[in-house]
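In case you want the letters, here they are:
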Amino acid sequence: MPDGYMNKFLFVDLTSGHSNAIEVPNWLRDYFIGGKGYGIKLLNDLVPRGCDPLSPDNVLMFMAGPLTGTLAPSMRACVVTKSPLTGTLLDSYFGGSFGHEIKYAGYDGIIITGRAAEPVYLWVDDGRVEIRPAAGIWGMGTLESNQAIKEQLNDRSVKIAGIGPAGENLVRFALISCEYNRQAGRGGAGAVMGAKNLKAVALRGTQSVQVFDSDAFLQAVKKGYQELKSSPDIKALTDAGTASSVPFANEVGVLPTRNYYDGTFAGANEISDFGQSKHLWLRSEACPGCPIRCSKVGYIRTGRYQGTVSDIVEYESAAMLGSNLEISDIKAVTYLTHLCDELGLDSMSTGGVIGFAMEAAERGLIPLEIEGQQIKFGSPLAAEKLMQAIALRRGELGRLLAQGVQRAAAELGSDAEEFAVHIKGLETPAWGPRGATGIALALMTADRGGCHQRGMPLGEDLSGALWNDEPVDRLALTGKGEIVIHYQNYLAALDTLVKCDFGAFGIQPQTYLELYQACTGRDLGGADGLQQLGAKIWNLGRLFNLREGLEPQTDTLPKRFTQPLPSGPCQGHRFSPEDMQVMLQEYYRLRSWSADGRPGQEIMNKLGLSDMQTMSITT
Amino acid sequence: MRTVIHCNFDLCTGCAICQMACAQVKTGGTNPRSALLEIKKEGLIYRPEVCAQCQNAFCLQVCSFEAIYRNDENRVLIDAAKCTGCGLCVEACQINMVSLDQRYKKAIKCDLCGGNPACVEFCPTGALEKITLGGNAGA
């Protein structure tokens, strides 16, 4: 019977040039479902212990889930690898059509290891796999090379995931740009691809994804649509993507400003949906299979950046490249975001790195100028020059900053540590946690470092959402562990399917369960089953991170957040080391981890992880 | 009277839900490539292309086996029992709305799902609309 799966991985060894299709073992499918589940399990099994993320031995995986490529609303896929930025697990999610095409080409995932002798791209045409020279394409931007590969293959319908100059030059926060202009942004997956001399993966698939019970599936799909349509949160995303979060974050005082020094920004409205819709947006665009259409397309009509085709500058980019750099000109912020995409830089980390550089220049720790531009807050021209220098590793500043905030600060010395805003090496997202303890705990414990997509209780902490029918005190140091763990597990479970974060704001847990059941003919065991699945993956991820050298004392916040916030409704709030310990100890206890943050045998047995089979791949 | 699908390109987000729904209903599985309608990217817009249920239907004219006919509601339909899979209709359609089903070796095209097209039902923005025109086939 069909079950939504293609039941095969494509394995490619770029060193030998050998590729083959591998059956997905039943135990892997039953226990880990897909997407994040497959990725975290195979990181444990396939990545050699202690391997350099930029060595040929690291494994780069594109993983779909059972619902990817189906009519289930708002589904995506993910890249999973060992991060060159954090040295620990990295799973980075992307919308667009590349993830669906993995299924249409006949696979549930693509697993790539080794390193090609010369720059290449991978061409997968249904079951036919070819490694082609990328000599003429190497050096091009992400969107430019997307076009060039389509011209070479003489087919506009090919779906491509590729890197820009940043990935080629092993910038540790380089992204993978997925068809079309959807980013697997965080954690440096693009550098892993660059280290493999792999410019792009191009797919064309004619197979269809078939579900177990078509009628029941369509019913569940319609239910999902209805939930999306009736949700006020989704309506906000349909109208304005996440750009409307800018004024919200500003009002509640968590909008990063001046390298997270402050939490409010006078220019917030200009870089929000208000400024963007007025100056840029013309129409909405959606990823395949998504009714939400959070993307807003337009172009810059006048001025220095005239003619640049623009997509929405979503919240994270607007804040990290706007308020965090004190840039309020929305055209400039739009252009800088576009430049990040084309160069192949994660706009979030780039905003963090440039904010760090601007403060370092202010404090006299790095040169005051780059290529004729003064490095200072508020200067889009300096930001542009810094981006280009980073992506091309040009000059001493380019080299220094291409490593990310953590390594750059370590080189500059202890003064720089005071304003190096990262968690475990990953530059933090645009939610300054001072004044919101649940957000702080989620950031401290996120499995890939400073990340906003791992159970941050924004609603409970900041906008009055109830937890167990009770309001939540945004400053409470206790009681947040339970909430954060619930969401971390729930979202990790949905990341096996593979959901979009925005879809999950509207689609109810029961509907995801029904979609899965009608698609696969199997049962996830209700809400408890989702928690159990998420906990399994979370613990296995923690074990991988510990195996790769994660020190539990890095479950902490950057020093900047131990200083009082200067303004806004959270003025004066800060986290002391004692505050963090109170929260962490509660979290560890509820996770059944030891007091130093390690999963013990008991929880491993309970989750069935003790005698787990392992997967090995031989060619 | 003639029922057709009208495309409001200005509302199209390129989400391909129409194609995925079409493929699901017509082939039992999703892949936009196997849908009976297309979405074309032109500059900053997407333009859906659907069967026009032509009044002057080339596909119908070129069929040597009378497998393509017009029903009472002026829908242009294919009688699979008569279709030999010769492909003349596929060549004849100038907007590429007739294709050959690879599995059954028969021509297939949009039949408006018997009057309630899945693409229109699933389209989240109203970019696809079912409308009735006054045109009279053969007039």
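Per chain, the residues get numbers from 1 upward, laid out in the order the sequence is written. Ligands are numbered from 1 and chains lettered from A, in the order in which they are written. Per-residue local features of the predicted model are confined to residues with pLDDT of at least 70, and side-chain atom pairs are confined, for both listing and counting, to 80 or more; whole-chain, interface and lining totals are unaffected and use all residues. Hydrogens and water are ignored here; the side-chain numbers use all heavy atoms of the structure.

K.L.:
Outline the overall build of chain A, supporting the account with residue identities and numerical values.
P.N.:
In terms of regular secondary structure, chain A is built from 25 helices and 19 strands. As a reference, a globule follows 2.2 Å times the number of residues to the power 0.38, and the radius of gyration itself is taken over C-alpha atoms. The globule rule puts the C-alpha radius of gyration for 619 residues at 25 Å, and the 23 Å found for chain A is close to it. If you line up chain A on its principal axes, its C-alpha atoms span 60 × 60 × 45 Å. Looking at chain A as a whole, 66% of its 619 residues qualify as buried. Residue contacts are defined here by distance: any two heavy atoms, one from each residue, within 4.5 Å place the two residues in contact. A separation threshold of at least 6 residues defines the contact pool for chain A, and within that pool the share at least 24 residues apart is 70%. By element, 48% of the accessible surface of chain A is carried by carbon and sulfur atoms, the whole surface being about 20,400 Å². In DSSP terms, a helix is any run of H or I states spanning at least four residues, a strand is any run of E spanning at least two, and both are numbered starting from the N terminus. Between buried and exposed lies partly exposed: a residue is buried under 20% and exposed over 50% of the maximum accessible area for its type, with that area taken using a 1.4 Å probe on protein chains only. Each accessible area is a Shrake-Rupley result for a 1.4 Å probe, and residues are judged covered by the shown protein chains and nothing else.

K.L.:
Any details on the pairing of strand 4 (residues 77-82) of chain A? Residues and values, ideally.
P.N.:
All names here are of chain A. Burial analysis of strand 4 places 6 of its 6 residues in the buried class, which makes it a mostly covered element. Alternating residues of strand 4 divide into A77, V79 and T81 and C78, V80 and K82, and every residue in both groups is buried. By the bridge criterion, 3 bridges tie strand 3 (residues 60-63) to strand 4 in an arrangement that is antiparallel. Bridge pairing links F62 to V79 in strand 4. Each pair of strands is called paired provided DSSP finds at least two bridges between the two strands. Between the end of strand 4 and the start of strand 5 (residues 89-94), which pair antiparallel, lie 6 residues, with G87 showing a positive phi angle near 75°.

K.L.:
Lay out the domain arrangement of chain A with the relevant residues and their values.
P.N.:
All names here are of chain A. Segmentation of the chain into domains, including their bounds, is taken from an automatic or database domain assignment. When cut into domains, chain A gives domain 1 (8-204), domain 2 (232-420) and domain 3 (437-505 + 525-606). Computed from C-alpha atoms alone, the centre-to-centre distance between domain 1 and domain 3 is 28 Å. Every contact between the two is made by 36 residues of domain 1 and, on the other side, 25 residues of domain 3. Each of two parts loses accessible area, computed with a 1.4 Å probe, when they are put together; buried area is these two losses added. When domain 1 packs against domain 3, close to 2,500 Å² is buried across both sides, 59% of that on carbon and sulfur atoms. If you sort the residues of domain 1 by the area they bury against domain 3, K36, R76 and L89 come out on top, with a joint share of 24%. Salt bridge, as used here: a side-chain nitrogen of Lys or Arg that lies within 4 Å of a carboxyl oxygen of Asp or Glu. In this assembly, domain 1 and domain 3 are joined by 4 salt bridges. With a closest N to O distance of 2.7 Å, D447 and K36 form a salt bridge. The term polar contact refers here to a pair of N or O atoms within 3.5 Å; inside protein, the definition further demands a hydrogen-donor-capable atom paired with an acceptor-capable atom, and it admits residues adjacent in sequence only when both atoms are side-chain atoms. Applying the counting criterion to the domain 1 and domain 3 interface returns 16 residue pairs in polar contact (both at pLDDT 80 or more). The element best represented in the side of domain 1 that touches domain 3 is helix 2 (residues 35-46), accounting for 7 residues. Polar here means any residue other than Ala, Val, Leu, Ile, Met, Phe, Trp, Tyr, Cys and Pro, which are nonpolar, and Asp, Glu, Lys and Arg, which are charged; Gly is therefore polar. In the side of domain 1 that touches domain 3, the residues fall into 17 nonpolar, 12 polar and 7 charged.

K.L.:
Break down the interface of chain B and chain A for me, with residues and values.
P.N.:
The interface of chain B with chain A comprises 23 residues on the first partner and 36 residues on the second. The largest share of the area that chain B buries against chain A comes from R33, L44 and F122 of chain B, three residues that together contribute 29% of it. Taken together, chain B and chain A are joined by 2 salt bridges. Remark: the boundary between chain B and chain A carries 13 residue pairs in polar contact (both at pLDDT 80 or more). Of all elements in the fold, only helix 1 (17-27), strand 3 (45-49) and helix 4 (118-122) of chain B reach the threshold of two or more residues within the side of chain B that touches chain A. Looking at the side of chain B that touches chain A element by element, the count peaks at 5 residues for helix 1 of chain B. A breakdown of the residues in the side of chain B that touches chain A according to their chemical character gives 11 nonpolar, 9 polar and 3 charged.

K.L.:
Outline the side chain of R75 of chain B, listing residues and values.
P.N.:
Here R75 of chain B lies in the loop between strand 4 (68-70) and strand 5 (76-78). Within the structure, the side chain of R75 of chain B is placed 3.0 Å from the side chain of E73 of chain B, a separation counted as a polar contact.

K.L.:
Which residues make up a nonpolar patch on the surface, and what are the values?
P.N.:
All names here are of chain A. A cluster of nonpolar side chains, L282, Y299 and V309, forms an exposed patch at the surface whose accessible area comes to about 280 Å². Summarising the element assignment, V309 is placed in strand 15 (residues 309-310). Judged by its relative accessible area of 47%, V309 falls in the partly exposed class. Candidate patch residues must exceed 30% relative accessible area and have no salt bridge, after which like charges are joined if within 9 Å and Val, Leu, Ile, Met, Phe, Trp or Tyr side chains if within 5 Å.

K.L.:
Kindly report on helix 1 of chain B, identifying the contributing residues and their values.
P.N.:
Across the 11 residues that make up helix 1 of chain B, a large majority, 8, are buried. Among all positions of helix 1 of chain B, only I17, C18, Q19, M20, A21, C22, A23 and Q24 of chain B are buried. Here the buried face of helix 1 of chain B lies against helix 3 (98-104) and helix 7 (214-230) of chain A together with strand 2 (38-42), helix 4 and strand 8 (128-133) of chain B. After helix 1 of chain B finishes, the residue G28 of chain B shows a positive phi value of roughly 80°.

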